[in-house]
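# Understanding the architecture of this molecule
These are the residues of each chain, in order.
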Amino acid sequence: VQLQASGGGLVQAGGSLRLSCTSSGSIFNIRLMNWYRQAPGKQRELVASITSGGSTDVADSVKGRFTISKDDAKTMVYLQMDSLKPEDTAVYYCNIKAGSMWMSYWGQGTLVTVSS
């Protein structure tokens, strides 16, 4: 099973993008769906999470600007990004943790570039 992230691109500061992540196959007993990002020269950081029950959490740096949501029927997770800033520039990765062993699935990443 592989995850496919899409929706990245070039946007001006203050603009919006919506990232999507879909799975190539079925993933059972999903516990957590996440979006991470990695900026050039920096470590990968957790941006937003959503639990199987729908509870969400976002990093302080994006609070009030980014929203995570999911579609369980389609095994998709989304990241709505508003009021984008140049410091949001990064490769964004989706991640799903599933099963009793919390197996981790990753997407290939989608590049978001925010120009000032």
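Scroll up to find the structure this text is about.
A brief look at the structure comes next.

Calculation rules
Residues numbered from 1 in each chain as written. Predicted model: local features only at pLDDT ≥ 70, side-chain atom pairs only at ≥ 80, totals over all residues. Heavy atoms only, no water. Helix = DSSP H or I, 4+ residues; strand = E, 2+ residues; numbered from the N terminus. Buried < 20%, exposed > 50% of the residue type's maximum accessible area, 1.4 Å probe, protein only. Salt bridge = Lys/Arg side-chain N within 4 Å of Asp/Glu carboxyl O.

## Points about unusual backbone geometry
For residues that are not glycine, phi is negative in most cases, and the peptide bond is trans in most cases. For Thr75, which is not glycine, the phi dihedral falls at a positive 50°. You can see Thr75 is positioned in the loop between strand S7 (66-71) and strand S8 (76-81). For Thr75, a relative accessible area of 15% translates into the label buried. Backbone geometry places Ser83, a non-glycine residue, at a positive phi of 50°. Overall, the relative accessible area of 42% leaves Ser83 in the partly exposed class.

## Some points on the pattern of salt bridges
Where charged atoms from two side chains of opposite charge approach closely, those side chains can pair. By the definition in use, this model includes 5 salt bridges. A salt bridge links Arg37 to Asp88; its shortest N-O distance comes to 2.9 Å. On the criterion of sequence distance, the pair formed by Arg37 in strand S4 (residues 30-38) and Asp88 in the loop between S8 and strand S9 (90-98) is long-range, its members being 51 residues apart. Accessibility classification places Arg37 together with Asp88 in one group, the buried group. Notably, a salt bridge pairs Arg65 with Asp88, separated by 2.7 Å at the nearest N-O pair.

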